[in-house]
Amino acid sequence: MKTKVDVLLGLQWGDEGKGKIVDVLAPTYDVVARFQGGPNAGHTLEFDGIKHVLHQIPSGIFREKTKNIIGNGVVLDPIVFKTEIEKLEKYNLNVKANLFISKKATLIVPTHRLLDQAYETAKGVDKIGSTLKGIGPSYQDKIGRQGLRVGDVLAPNFKEKFKKLIDIHFEILKTHNVSYDWAALENQFMDAVNFLRQFELIDSEYFINNELKSGSTILAEGAQGSLLDIDFGSYPFVTSSNTVTAGACTGLGVAPSHIGEVYGIFKAYSTRVGSGPFPTELLDEEGDLMRKQGNEFGSTTGRPRRCGWIDLPSLKYSIMINGVTQLLMMKADVLNIFKTIKICTKYKLSDGSITETVPYELVNEKIEPIYTEVKGWNTSLENITNDHMPVELADYIRLLETALNVPITLLSTGPDRKQTIHRKKR
Ligand code: GDP
Ligand code: IMO
Ligand code: MG
């Protein structure tokens, strides 16, 4: 094979800015492929004064020459998919010609959303803070070997298969207190399934490997973040898929030897939405300021995101698991307002020990972050370039590169495509 699959994924708890950067990089790739997650993702792109949020569709869709694939590792909600395609219609894009969906992707049916809600309510104070898009229940059905797949919508007995699955769900729902209008939900779903049938439903593993053989360049687009990974995240406060590089192999049918660059994307600080441990969380005015300055409200649910300083032990962990080869630092401009910036370099655990690793008992452990404090740039980053940037920002970048031992090859200073600075690989 002449080319490799590059992977771009989040190193924190999601919302790092993946959508923006996939859109920025897409012109240099023939193919962009989503490999996991589903409508829990909200990937924002901004250009020509318009903001777009994508949930199911890969972020290469606005680039005329880029083919976009929804891979087998994704869970697809036909209703969300239809709404999203309809929103794109006014932009005169060639969506039908440029979008390909794996027949092996898992279908989210309306009862998955109801189950998500039921399970969350039953958890009470221990709730995960799920986006309630049916992610957990649909992956449960996949792993439990009873799920429906996108290819099933082409089967003559699709309705029967659907009925068999929802009957199982209804049995479970009987024991929960969830209200719904099933006739309306079913109509909406069947209408969306009909809509989905018009698209190219393919054997995406063959498609991608054939593209590789013919020398195409491919970018795999991650959703969520490494710290929400089902195996390596702060379990049980995680999502239900493998968000890490290995997920691109299983979620697309790409052999590990065909993985090329791994772009690890992170914010110059940290955010998290939903429950679960967050060692550097700021519960004070500084945190509120960060939220306001960074407009940290969920792209999918609108929920306020929890905010805090950058966390090096967890970033090192993500870099290790993913084999990151290049780092991309986002939202540096959000820190413009701070006179000093804190960097968590180590954790102090409840027994007094100090560590640079992420402890197993992350959920129950009371972690005290140990910070290094540096001077902030405290100025606008609007017109900066590689060669002309505030010395404090250059120092911050250098400090992170040294601590993380991976070069930062891209710096983002605003939500627009153009507010992006490419840096040379060391
Ligand atoms: P994703 O899920 O990783 O694609 O990230 P989201 O789209 O959920 O969240 C990132 C948010 O930050 C979006 O509102 C982006 O428009 C915005 N954004 C991306 N990069 C920057 C940046 O460098 N500076 C600022 N201020 N906003 C950014
Ligand atoms: P993108 O791709 C941030 C979080 C939820 C919740 C947990 C489980 O935009 O970065 P789920 O709906 O998967 O059962 O929720 O994961 N979560 C995200 N947080 N960005 C996302 O996606 C997320 N997708 C899920 O808030 O805590
Ligand atoms: Mg997001």
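Just so it is clear, the structure is predicted and the values come from calculations on it, not from any experiment.

**Here we look at unusual backbone geometry**
Cis peptide bonds are those with omega within 30 degrees of zero, and the linkage from tyrosine 235 to proline 236 qualifies with 10°. Within the element layout of this structure, proline 236 appears in the loop between β10 (218–221) and α9 (245–252). One non-glycine residue, aspartate 48, lies in the positive phi region at around 50°. Inspection of the secondary structure assignment puts aspartate 48 in the loop between β3 (43–47) and β4 (50–54). Even without being a glycine, glutamine 224 presents a positive backbone phi close to 60°.

**Let's talk about the coordination of the magnesium ion (ligand 3)**
Taken together, Asp15 (OD) and Gly42 (O) make up the full set of protein donors to the magnesium ion (ligand 3), lying 2.1 to 2.2 Å away. In this pair, aspartate 15 sits in the loop between β1 (5–10) and α1 (18–25) while glycine 42 sits in the loop between β2 (31–34) and β3, placing the two residues 27 residues apart along the sequence. Among the residues examined, glycine 42 registers a relative accessible area of 10% and is labelled buried.

**A short note on the site of ligand 2**
The environment of ligand 2 is formed by 21 residues, the closest being Asp15, Lys18, His43, Thr131 and Thr239. Isoleucine 128 places a polar main-chain atom, nitrogen or oxygen, 3.5 Å from an oxygen atom of ligand 2. Residue arginine 303 places a side-chain N or O atom 2.9 Å away from an oxygen atom belonging to ligand 2. For ligand 2, whose unbound accessible area comes to 550 Å², protein coverage reaches 97%. For ligand 2, the cavity whose grid points lie within 2 Å of the majority of its atoms is the largest pocket. Of the residues in the shell around ligand 2, the class split is 8 nonpolar, 10 polar and 3 charged.

Definitions and limits used
- Residues numbered from 1 in each chain as written.
- Chains lettered and ligands numbered in written order.
- Predicted model: local features only at pLDDT ≥ 70, side-chain atom pairs only at ≥ 80, totals over all residues.
- Heavy atoms only, no water.
- Helix = DSSP H or I, 4+ residues; strand = E, 2+ residues; numbered from the N terminus.
- Donors = N, O, S within 2.8 Å, 3.2 Å for Na, K, Ca; no water.
- Buried < 20%, exposed > 50% of the residue type's maximum accessible area, 1.4 Å probe, protein only.
- Near = heavy atom within 4 Å.
- Polar contact = N/O pair within 3.5 Å; in protein donor to acceptor, adjacent residues only side chain to side chain.
- Areas by Shrake-Rupley, 256 points an atom, 1.4 Å probe, with all protein chains shown as cover.
- 1 Å grid on protein atoms, 1.4 Å probe; cavity = no way out; pocket = protein on both sides within 12 Å on 5 of 7 lines; lining within 4 Å.
- Sits in = over half its atoms within 2 Å of the grid points.
- Nonpolar A, V, L, I, M, F, W, Y, C, P; charged D, E, K, R; others polar.

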